[in-house]
Amino acid sequence: MTEPVDPDVDVAEARQRRESRRAHYGALAVIAAGGAIGAGARYGAALLWPTAAGSFPWTTLGVNASGSLLIGIFLVALTEAWTAPAWVRPFFATGVLGGFTTFSTYCLDIERLVTGGRADLALGYLVATPAAALAAVAAGAWATRRLLAATTARRTR
């Protein structure tokens, strides 16, 4: 299987290969900048609401659920209502919200709960986090679509 290629780019020509590669650097830069902001916000949440050893990791669950809610809101608004510059989606959705949500910490929390003898909490957390994240993204998308439809209906009256 081969990667898709832009039909306007002749990959046999070195100059066009360099230009194509250079175009990705801007996207990577905005994702990295957004990721730094999102990870900083997540770190701030962990400092504000620390989780005691052996207790349910409410902060991580809240961060993942709220980040998923924002992803649902943002992507519906961006794809169905507004036109934004090309860098906005990778900056905010992939960078900021990708850096804010933390499924690696989710896995680490599960491991810590199990090794700390709290398999019951680990199992509940294992199920609760993806369920909350999926429910939040669906709720965000649904609410945003309803709001957009109501706004459109009000304008047409």
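Residues numbered from 1 in each chain as written. Predicted model: local features only at pLDDT ≥ 70, side-chain atom pairs only at ≥ 80, totals over all residues. Heavy atoms only, no water.

Undergrad: Requested: an account of the overall build of the protein chain, with residues and values cited.
TA: Looking only at helices and strands, one finds five helices and zero strands in the protein chain. Moving toward the C terminus, one meets the helices and strands of the protein chain in the order α-α-α-α-α. Counting only residues that meet the buried cut, the protein chain has 28% of its 157 residues in that class. Restricting the contact set of the protein chain to residue pairs at least 6 apart, pairs at least 24 apart contribute 72%. (Helix = DSSP H or I, 4+ residues; strand = E, 2+ residues; numbered from the N terminus. Buried < 20%, exposed > 50% of the residue type's maximum accessible area, 1.4 Å probe, protein only. Contact = heavy atoms within 4.5 Å.)

Undergrad: Lay out the nonpolar core in plain terms, naming residues and giving numbers.
TA: Grouped burial of nonpolar side chains is what soluble globular proteins tend to show. Listed in full, the eight residues of the largest apolar core are F56, L61, Y106, I110, L113, L121, A122 and Y125. Apart from the residues lying within four places of it in its own chain, the contact partners of L113 are G54, S55, P57, R118, A119, L121, A122 and Y125. (Core = buried A, V, L, I, M, F, W, Y, C linked by side-chain atoms within 4.5 Å.)

Undergrad: Kindly report on the layout of surface pockets, identifying the contributing residues and their values.
TA: The calculated volume of the largest pocket comes to roughly 200 Å³. What lines the largest pocket is T51, A52, A53, G54, S55, P57, T60, T105, D109, R112, L113 and G116. Ranked by residue count, the leading element in the lining of the largest pocket is helix α4 (residues 103–115), at four residues. In this structure, the second largest pocket is lined by R42, Y43, A46, W49, P50, T51, T59, T60, V63, T102 and T105. When contributions to the lining of the second largest pocket are tallied by element, the ones reaching two or more residues are α1 (14–48) and α2 (58–80). Residues of the lining of the second largest pocket, tallied by class, amount to five nonpolar, five polar and one charged. (1 Å grid on protein atoms, 1.4 Å probe; cavity = no way out; pocket = protein on both sides within 12 Å on 5 of 7 lines; lining within 4 Å. Points joined across faces, edges and corners; volume = space filled by probe spheres on them. Nonpolar A, V, L, I, M, F, W, Y, C, P; charged D, E, K, R; others polar.)

Undergrad: So what's going on with the packing of α2 against helix α3 (residues 88–100)? Residues and values would help.
TA: At a closest axis distance of 9 Å, the pairing of α2 and α3 adopts a crossing angle of 170 degrees. On the basis of the axis angle, α2 is roughly antiparallel to α3. From α2, V63, S66, G67, L70, I71, F74, L75, L78 and T79 reach across to α3, where they touch V88, R89, F92, A93, L97 and F100. Classifying every residue of the contact of α2 with α3 by side-chain character gives eleven nonpolar, three polar and one charged. (Axes fitted to C-alpha atoms, helices over the stretch in contact; angles between N-to-C directions. Parallel < 35°, antiparallel > 145°, perpendicular 65-115°, else oblique.)

Undergrad: Explain α4 to me, and be specific about the residues and the numbers.
TA: Taking 1.5 Å of rise per residue, 13 residues should cover 18 Å, and α4 covers 18 Å from first to last C-alpha, within 8% of that figure. All of the buried residues along α4 are Y106, D109, I110 and L113. Along the axis of α4, the buried positions cluster into a sector of 100 degrees, meaning they face one direction only. Exposed residues pointing more than 90 degrees away from the buried face of α4 are listed as S104, R112 and T115. Close packing links the buried residues of α4 with α2 and α5 (119–156). (Expected span 1.5 Å × (residues − 1). Arc of directions from axis to C-beta.)

Undergrad: Please provide a residue-by-residue account of the pattern of salt bridges, values included.
TA: Charged atoms that come close allow side chains of opposite charge to pair. Tallied over the full model, the rule gives two salt bridges. Residue R145 is joined to E80 by a salt bridge in which the shortest nitrogen-to-oxygen separation is 2.8 Å. Of the two residues, R145 is situated in helix α5 and E80 in helix α2; the sequence distance between them amounts to 65 residues. Between R118 and D120 there is a salt bridge, and its shortest N-O distance comes to 3.6 Å. (Salt bridge = Lys/Arg side-chain N within 4 Å of Asp/Glu carboxyl O.)

Undergrad: A description of the side chain of D109 should follow, citing residues and the corresponding values.
TA: If you trace the backbone, D109 turns up in helix α4. Not counting residues up to four positions away in its chain, the partners in contact with D109 are P57, T60 and Y125.

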